[in-house]
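Here is what each chain is made of, one letter per residue.
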Amino acid sequence: MSPGRAARVLRGRDVGERGRVLRRVPRRFRGRFRAGRFAVPRTGRDCRDAVGADEFREWMGRVLPLLADGSVIVMDNAPYHTAKVDRAPTMDDGKDVIVEWLKRNGETADRSMVYVELMAMVRRVKPLRKKYAIDELAKADGKTVLRLPRNHRELNPMVLAWSSVKEHVSANVSSCEPSDGKNLIVEAVDRVNAEMWKGFVGSAMEEEKKMLRSGLHRGRPLGRGLGR
């Protein structure tokens, strides 16, 4: 059981059950749990919820000018990466919004049409008009976003980088005061140097080659690939 999950589980448990939970926690963390020093937010949100599409777009706007022209940005399909430009409407948006969206995309529609007809048109047009805000932002700056296929974390070098960061934090957190947690994370991130990143990318490329050789990609296009 991870320390974070254990901390959440321990809230509201009786003494006997707290003991059973603690036995499933790594030994180096147990003293901190008993002393109540392992703070976990009560919001129920994970790190992905802390980043919104607007915040990510703003951050990308600052990063893009730092990249060389023609750079390819490998990106997964996290919600804040996939905010759409001119999002297709749903039934909940109301007839006026649906009609306006269809007209904006070159379709002939009016309020006299029933919802079933309008939504059928939306479903037909939607795949042809799907654009991601981040992709368009990168394109305007001379860069290209390469999106990884869904459910293939092994193709994402960033997963290996974060694993390295988390391993360093986990190995040193027992000797770290809670107030020094941020410094420990910064230290862990700084350890990921260019040579390590090159290795992570190489590992992802090897996984891609394995998939191509085995035919696992059939039906799931891998795009241009990390090595091309």
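Data block above holds the structure.
Residues numbered from 1 in each chain as written. Predicted model: local features only at pLDDT ≥ 70, side-chain atom pairs only at ≥ 80, totals over all residues. Heavy atoms only, no water.

Caption draft 1: View of the environment of Pro127. Residue placement: Pro127 occurs in helix H6 (residues 115-129). Look at Pro127 and you get exposed, because its relative accessible area is 58%. Sequence separation of Pro127 and Ala88 is 39 residues, and the distance between their C-alpha atoms is 9.5 Å. (Helix = DSSP H or I, 4+ residues; strand = E, 2+ residues; numbered from the N terminus. Buried < 20%, exposed > 50% of the residue type's maximum accessible area, 1.4 Å probe, protein only.)

Caption draft 2: Broad picture of the side chain of Lys143. Within the fold, Lys143 resides in the loop between helix H7 (133-140) and strand E2 (144-147). Owing to a relative accessible area of 4%, Lys143 belongs among the buried residues under this scheme.

Caption draft 3: Structural context of a positive patch on the surface. Taken together, the side chains of Lys84, Lys126, Lys130 and Arg150 make up a positively charged region of the molecular surface. Position of Lys84 among the secondary structure elements: in the loop between strand E1 (72-75) and helix H5 (95-104). (Patch = residues over 30% accessible without salt bridge, like charges linked within 9 Å, V, L, I, M, F, W, Y side chains within 5 Å. Areas by Shrake-Rupley, 256 points an atom, 1.4 Å probe, with all protein chains shown as cover. Salt bridge = Lys/Arg side-chain N within 4 Å of Asp/Glu carboxyl O. Lys, Arg positive; Asp, Glu negative; His and termini not counted. Charge placed at Lys NZ, Arg CZ, Asp CG, Glu CD.)

Caption draft 4: Geometry of the nonpolar core. Membership of the largest hydrophobic core is limited to 12 residues, which are Ala88, Ile98, Val99, Trp101, Leu102, Ala109, Met113, Leu118, Met119, Met121, Val122 and Val125. A per-element tally of this core places H6 first, with 5 residues. In this structure, Ala109 is in contact with Val99, Leu102, Lys103, Leu118 and Met121, ignoring residues within four places of it in sequence. Core analysis: the next-biggest nonpolar cluster, separate from the first, contains 10 residues, Leu64, Ala78, Tyr80 and Ala138 among them. (Core = buried A, V, L, I, M, F, W, Y, C linked by side-chain atoms within 4.5 Å. Contact = heavy atoms within 4.5 Å.)

Caption draft 5: Molecular detail of unusual backbone geometry. The phi dihedral of Asn151 is positive, around 65°, even though this residue is not glycine. Of note, Asn151 is situated in the loop between E2 and helix H8 (157-172).

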